[in-house]
Amino acid sequence: MLAVAGLAAVFWHWVRGKSWNDSLSFALTVTLTSIGGQLIARHILRKAGRGDG
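Throughout what follows, the structure given in this document is the object of discussion.

**Some points on the overall build of the protein chain**
Part 1 of the argument: If you tally the helices and strands in the protein chain, you get 2 helices and 0 strands.
Part 2 of the argument: Split into buried and exposed, the 53 residues of the protein chain put 13% on the buried side.
Part 3 of the argument: In the form shown here, the protein chain has an accessible surface area of approximately 4400 Å², with 66% of it arising from carbon and sulfur atoms.

Structure below.
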(Lines give C-alpha, C1' and ligand atoms only; values in the text may rest on other atoms or scores of the structure.)
Protein backbone atom coordinates (compact mmCIF):
# COMPACT_ATOMS: atom_id res chain seq x y z
CA MET A 1 0.00 0.00 0.00
CA LEU A 2 2.83 2.37 0.82
CA ALA A 3 4.49 1.61 -2.51
CA VAL A 4 1.31 2.53 -4.38
CA ALA A 5 0.94 5.75 -2.39
CA GLY A 6 4.59 6.61 -3.01
CA LEU A 7 4.28 5.97 -6.73
CA ALA A 8 1.12 8.06 -6.83
CA ALA A 9 2.92 10.97 -5.15
CA VAL A 10 5.92 10.73 -7.46
CA PHE A 11 3.68 10.48 -10.54
CA TRP A 12 1.62 13.48 -9.43
CA HIS A 13 4.75 15.52 -8.74
CA TRP A 14 6.90 14.68 -11.77
CA VAL A 15 4.40 13.91 -14.51
CA ARG A 16 1.70 16.39 -13.54
CA GLY A 17 4.17 19.04 -12.32
CA LYS A 18 2.39 19.63 -9.01
CA SER A 19 3.98 20.65 -5.72
CA TRP A 20 5.00 18.05 -3.15
CA ASN A 21 2.14 19.17 -0.89
CA ASP A 22 -0.37 18.49 -3.67
CA SER A 23 1.37 15.20 -4.45
CA LEU A 24 1.19 14.00 -0.85
CA SER A 25 -2.47 15.00 -0.66
CA PHE A 26 -3.11 12.99 -3.82
CA ALA A 27 -1.28 9.98 -2.37
CA LEU A 28 -3.36 10.23 0.81
CA THR A 29 -6.54 10.36 -1.27
CA VAL A 30 -5.46 7.27 -3.24
CA THR A 31 -4.66 5.41 -0.03
CA LEU A 32 -7.89 6.27 1.76
CA THR A 33 -9.97 5.46 -1.33
CA SER A 34 -8.29 2.09 -1.63
CA ILE A 35 -8.78 1.24 2.04
CA GLY A 36 -12.39 2.41 1.92
CA GLY A 37 -13.08 0.28 -1.14
CA GLN A 38 -11.62 -2.79 0.54
CA LEU A 39 -13.71 -2.22 3.66
CA ILE A 40 -16.90 -1.80 1.65
CA ALA A 41 -16.14 -4.94 -0.38
CA ARG A 42 -15.58 -6.95 2.81
CA HIS A 43 -18.85 -5.66 4.24
CA ILE A 44 -20.77 -6.63 1.09
CA LEU A 45 -19.16 -10.08 0.94
CA ARG A 46 -19.87 -10.68 4.64
CA LYS A 47 -23.57 -9.94 4.11
CA ALA A 48 -23.86 -12.45 1.24
CA GLY A 49 -24.93 -15.89 2.36
CA ARG A 50 -23.74 -19.26 1.05
CA GLY A 51 -26.74 -19.62 -1.27
CA ASP A 52 -26.37 -16.12 -2.73
CA GLY A 53 -24.87 -15.47 -6.12
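**Examining the packing of aromatic side chains**
Part 1 of the argument: Throughout the structure, instances matching the rule amount to 1 aromatic pair.
Part 2 of the argument: Ring geometry for Trp-12 versus Phe-26: centroids 4.1 Å apart, planes at 15 degrees, classification stacked. Here Trp-12 is found in helix H1 (residues 2-14), whereas its partner Phe-26 is found in helix H2 (residues 20-47), with 14 residues between them in sequence.
Part 3 of the argument: Judged by its relative accessible area of 25%, Phe-26 falls in the partly exposed class.
Part 4 of the argument: For the cation-ring pair, Arg-16 lies above Trp-12, with the distance from its terminal atom to the ring centre recorded as 4.9 Å.

**Digging into H1**
Part 1 of the argument: For H1, spanning 13 residues, the distance from its first C-alpha to its last is 18 Å, which sits close to the expected 18 Å at 1.5 Å a residue.
Part 2 of the argument: Of the residues making up H1, those classed as buried are Ala-5, Ala-8, Ala-9 and His-13. All buried residues of H1 project into a common sector of 125 degrees when viewed along the axis, lining one side. Those residues of H1 that are exposed and angled more than 90 degrees off the buried face are Ala-3, Leu-7 and Trp-14.
Part 3 of the argument: Contacts made by the buried residues of H1 are with H2.

**Examining H2**
Three- or four-residue spacings in an α-helix give side chains the same orientation, since the helix completes a turn every 3.6 residues.
Part 1 of the argument: Helix length check: H2 (28 residues) gives 41 Å between terminal C-alpha atoms against 40 Å at 1.5 Å per residue, within 8%.
Part 2 of the argument: If you follow the buried residues of H2, they end up packed against H1.

**Side note on the side chain of Thr-31**
Part 1 of the argument: Mapped onto the secondary structure, Thr-31 falls in helix H2.
Part 2 of the argument: Accessibility expressed as a relative area gives 16% for Thr-31, which makes it buried.
Part 3 of the argument: Apart from the residues within four sequence positions on either side, Thr-31 is in contact with Met-1 and Ala-5.

Thresholds, definitions, all that
Residues numbered from 1 in each chain as written. Predicted model: local features only at pLDDT ≥ 70, side-chain atom pairs only at ≥ 80, totals over all residues. Heavy atoms only, no water. Helix = DSSP H or I, 4+ residues; strand = E, 2+ residues; numbered from the N terminus. Buried < 20%, exposed > 50% of the residue type's maximum accessible area, 1.4 Å probe, protein only. Areas by Shrake-Rupley, 256 points an atom, 1.4 Å probe, with all protein chains shown as cover. Phe/Tyr/Trp six-rings, centres within 6.5 Å; stacked < 30°, edge-to-face > 60°. Lys NZ or Arg CZ within 6 Å of the ring centre and 35° of its normal. Expected span 1.5 Å × (residues − 1). Arc of directions from axis to C-beta. Contact = heavy atoms within 4.5 Å.

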